[in-house]
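# Remarks on the overall topology
Take a look at the letters that make up each chain.
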Amino acid sequence: MDAEALARIQFGLTAAFHYIFPPISIGLGVILVLLEAAYLKTKDRTWELATKFWVKIFAIVFAVGVATGIVMEFQFGTNWSVYSRFVGDIFGSALAAEGIFAFFLESGFLAILVFGWNRVSPKVHFLSTIMVMLGSHFSAIWIIVANSWQQTPSAYKIVGEGVLRRAEITDFWGLVFNPSSMDRLVHTVVGAWATGAFFVLSVSAYYLLKKRHTDVATASLRVGIPFALVASLLQPLTGHSSVAGVAKNQPAKLAAFEGHYDSTKPMDLVLFGWTNPDTKQTTALKIPGMASWLLYQDARRPVTGLDKFPKEDQPPVAWVFQTYHLMVGSGMLMILLAALAAFRFRTGKLPDCTLLLKALVVSVALPHIANQMGWMSAELGRQPWIVYGLLRTSQGLSKVVSAPMVLTSLVLFTVIYLMLFALFLFLLDRKIKEGPTLEMSSKRSDRGLI
Amino acid sequence: MNYPFDLQTVWFLLVGVLLTGYAILDGFDLGIGTVYLLAKGDKNRRTLLNAIGPVWDGNEVWLITGGGALFAAFPHVYATVFSGFYLPFVLLLFGLIFRAIAIEFRSKLESPRWRNAWDVSFSVASVLIALLAGVALGNMIVGVPLNAEMEYTGTFFTLLNPYSLLVGVTTVALFTMHGSIYAVLKTEGELQEQARKWVFGSIIFFALCYVLTTMATLLFFPHMAEKFRTQPILLAVPMLNVLALFNIPREIYRRNETMAFLSSCVAVATLMALFGIGLYPNLVLSNPNPEYSLTIRNASSSDASLTIMLTIAILGMPFVLAYTSAIYWVFRGKVNTEALHY
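None of these values were measured; they are calculated from a predicted model.

Right, let's talk about the overall build of chain B for a bit. In terms of regular secondary structure, chain B is built from twelve helices and two strands. Expressed as lengths along the three principal axes of its C-alpha atoms, the size of chain B is roughly 55 × 45 × 40 Å. Residues counted as buried form 62% of the 342 residues belonging to chain B. Long-range pairs, those at least 24 residues apart, make up 79% of the contacts in chain B with a sequence separation of at least 6.

Take a look at the structure:
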């Protein structure tokens, strides 16, 4: 394999692995705020125990998120230096904003969230929880702004020649509100909420199945189930406005989503199936014209197909097609499960529904599948461009880096990430088996929080 | 030579401030890592980890932000250095990840073998990070081979020249001293007595490295000292540096740990300032072919971009400084294993 393929694999692997953690932090952060608010309002010990238990879990997730996030930042420079030179002037503002408004906020107040129970008043602690939650959201904002600029560049001018050729920013707010940033931000953040919510649902369902810590599990579900339901119901809506943006700004990506090859025909909505870009055939269970109708309220309106794009400007169609539908499918399952759980929980019958509880335990994987597949379809759909229409991925690679060097770091990162993941699961498992314990009650709460 | 306070210079200073902040803050917790294995017994080790427990994560954010600021303000430096110093940076990432894992995970199991393994990882990673950071700084002074395309043309071994290695060892020594003082500040009783010995040992070690590095710099890299001849007022920086260093043993002897630690912070900051003054206005010196050097002029982002970022920094930094100080205030005072975080 050449350096480009290896560097892409490395980026994909490290980004996918990193992205297990931030969405949990974002979603769990909101749940922590809700749980602690309930505790402050009622002074009920169950809420306190639930908050402290989830704070412990949050700390583990956060630590692994930071450790894996560092790699992401360095990697742009190591493997993609030409790209870094090209986008540096644009990304500068977003990175500066992320550093100053998000990183310091999140990591600083995390110390109080985790270690500060007995050092500050309950109100200050609650404020810190809110700050950590806001910090993780702010972080998402600036990363999505930068990433969306790669999808739909705006507010820039191209300056210079050769190695000095780069995009320069012309308007900060034009960068922040580039054509895809807000749609993609909302879709990503709501996806993260669902990730945190299903995480809480899964662990709580496990406790109900084992008939342990049922009070804390029930308290967590009281917050987690409505949150999961709201988030998963919002996702088709936010996803729809994202797709509408893709239709306008990245027609090749949209065509790949639905395996649509013929620009004279309306676009069908595929439920599942497969597509072959060589024969230009999509064999699938689909609703004819439905995508055209969803986008333009006209089921017979033709939509740009892949025939409008020469082969070298097309994304890897089959990948984009499959990942996109896996995302949508997982999202639908999430709605179904959240609705069932909400219904059973309201009638108080959830603890007896063993099958549903078991399904909820496993459901922790669903939002992760949706996140990973969604990102893959978004980023693979952008190919062959690293910055859409401006810079090809093959041009973004570092000039001085050879395939053996990338391979070395790829192997090393894979090994260390596997170790990290094994450790993460092991520790999570221990914390969950240990559960919310008496040790966490008010007087001795400083102990063993991590 | 006059110093026009243009945008590029301001960003040179700001990136410098962020990296100095990182050196001061992560410096002491990396330093705790280098002396860590000298602390005997699980209780003492946990106490040391508890001393840095609430803050190390935040400290590392200074590196991430410093790296981000470098990318943002001087994208060509970021691109050239990170792709050119490929293997050292991969190693640095390793160090950082391993260290994070070790701190968070060591106390999760009772097994002495488990704990020992993580203790060693934590210590080795801390030394490695400090060493690599120092070697990188050393190479900035020596200069690295660049071509007209701003690309690094050397190899991994080009970076391992004797002078840069010396700067690397000096950095380890500096952080060891800095961390030992922090240990004295944050502990009591028998462990504190032990930490006082580390301070005196590491000061001697650092003093040796310091003299050697200074001599080598003046002999082989006189460009680093040039500005002090033309702008004698700048000599205040090395003088402050020496005063701060001499003040450390004095304050330790008088058991005034807070002042000792502050002196150590001043020492780290002034060393970084000396480095910055020597380097300015270059960022990556090209050696040979100095005409290919990356400077604050040819490697920076556009003025428009630098202005936006400066606005963001001016709006945000007061808050960051306010709440960061408040958080340190919350966690002031001695630590022990009463609150068993680790």
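Right, let's get into the overall build of chain A. Across its full length, chain A holds 15 helices and six strands. For 450 residues, the compact-globule estimate of 2.2 N^0.38 gives 22 Å, and the C-alpha radius of gyration of chain A, at 23 Å, lies within 12% of that figure. Summarising its shape, the C-alpha atoms of chain A cover approximately 65 × 50 × 40 Å along the three principal directions. In chain A, buried positions account for 60% of the 450 residues. A separation of at least 24 residues holds for 78% of the contacts in chain A among residues at least 6 apart in sequence. If you sum the accessible surface of chain A, you get close to 17600 Å²; carbon and sulfur atoms cover 67% of it. Across chain A, the centroid of the 39 positively charged side chains sits 8 Å from that of the 28 negatively charged ones.

What follows deals with the nonpolar core. Grouped together as the largest cluster of nonpolar side chains are 227 residues, with contacts concentrated most on Trp54, Ile57, Trp149 and Val387 of chain A together with Trp11, Phe74 and Val77 of chain B. Beyond its immediate sequence surroundings of up to four residues, phenylalanine 74 of chain B is in contact with Gln8, Trp11, Phe12, Val15, Ala69, Leu283, Ile296, Ala299 and Ser300 of chain B.

Residues and elements named next belong to chain B. Among the structural elements, threonine 171 can be located in helix α7 (residues 162–186). You can call threonine 171 buried: its relative accessible area is 11%. Not counting residues up to four positions away in its chain, the partners in contact with threonine 171 are Ala130 and Gly134.

Residues and elements named next belong to chain A. Taken together, the side chains of Leu271, Phe272, Leu285 and Ile287 make up a nonpolar region of the molecular surface, amounting to roughly 380 Å² of accessible area. When contributions to the nonpolar patch are tallied by element, the ones reaching two or more residues are β3 (269–276) and β4 (281–287). Within the secondary structure, phenylalanine 272 sits in strand β3.

This next bit is on the pairing of strand β1 (residues 156–159) of chain A. Working note: regular strand, side chains alternate between the two faces of the sheet. Residues and elements named next belong to chain A. Judged from the four bridges that link them, β1 and strand β2 (residues 166–169) form a sheet pairing that is antiparallel. When the bridges of β2 are listed, isoleucine 158 appears paired with alanine 167. Counted along the chain from β1 to the antiparallel partner β2, the turn is six residues long, and its residue glycine 160 has a positive phi close to 85°.

Applying the stated criterion across every chain yields a total of 22 salt bridges over all chains. For lysine 286 of chain A, the salt bridge goes to aspartate 268 of chain A, with nearest N and O atoms at 3.8 Å. With lysine 286 of chain A in strand β4 and aspartate 268 of chain A in the loop between α9 (251–258) and β3, this pair connects stretches of sequence that are 18 residues apart. Taking the relative accessible area as the measure of exposure, aspartate 268 of chain A reaches 22% and is therefore partly exposed. Residues joined by salt bridges that share partners form a network here, namely Asp42, Arg45, Arg46, Arg106, Arg115 and Asp119 of chain B.

Of the residues lining the interface, 68 residues belong to chain A; the matching set on chain B comes to 64 residues. In total, chain A and chain B occlude about 6300 Å² of area from one another, counting both sides; carbon and sulfur atoms represent 75% of this. Sorting the residues of chain A by area buried against chain B places Phe74, Arg85 and Phe104 of chain A first, and these three jointly supply 13% of that buried surface. Linking arginine 85 of chain A and glutamate 151 of chain B is a salt bridge whose minimum nitrogen-to-oxygen distance equals 3.4 Å. For the pair chain A and chain B, the number of links is 15 residue pairs in polar contact (both at pLDDT 80 or more). Residue assignment for the side of chain A that touches chain B shows that the elements contributing at least two residues are α3 (45–79), α4 (81–115), β2 and α15 (403–434) of chain A.

Definitions and cut-offs
Residues numbered from 1 in each chain as written. Chains lettered and ligands numbered in written order. Predicted model: local features only at pLDDT ≥ 70, side-chain atom pairs only at ≥ 80, totals over all residues. Heavy atoms only, no water. Helix = DSSP H or I, 4+ residues; strand = E, 2+ residues; numbered from the N terminus. Buried < 20%, exposed > 50% of the residue type's maximum accessible area, 1.4 Å probe, protein only. Contact = heavy atoms within 4.5 Å. Rg over C-alpha atoms; globule rule 2.2 N^0.38 Å. Areas by Shrake-Rupley, 256 points an atom, 1.4 Å probe, with all protein chains shown as cover. Lys, Arg positive; Asp, Glu negative; His and termini not counted. Charge placed at Lys NZ, Arg CZ, Asp CG, Glu CD. Core = buried A, V, L, I, M, F, W, Y, C linked by side-chain atoms within 4.5 Å. Patch = residues over 30% accessible without salt bridge, like charges linked within 9 Å, V, L, I, M, F, W, Y side chains within 5 Å. Salt bridge = Lys/Arg side-chain N within 4 Å of Asp/Glu carboxyl O. Pairing = 2+ DSSP bridges. Buried area = accessible area lost by both parts, 1.4 Å probe. Polar contact = N/O pair within 3.5 Å; in protein donor to acceptor, adjacent residues only side chain to side chain.

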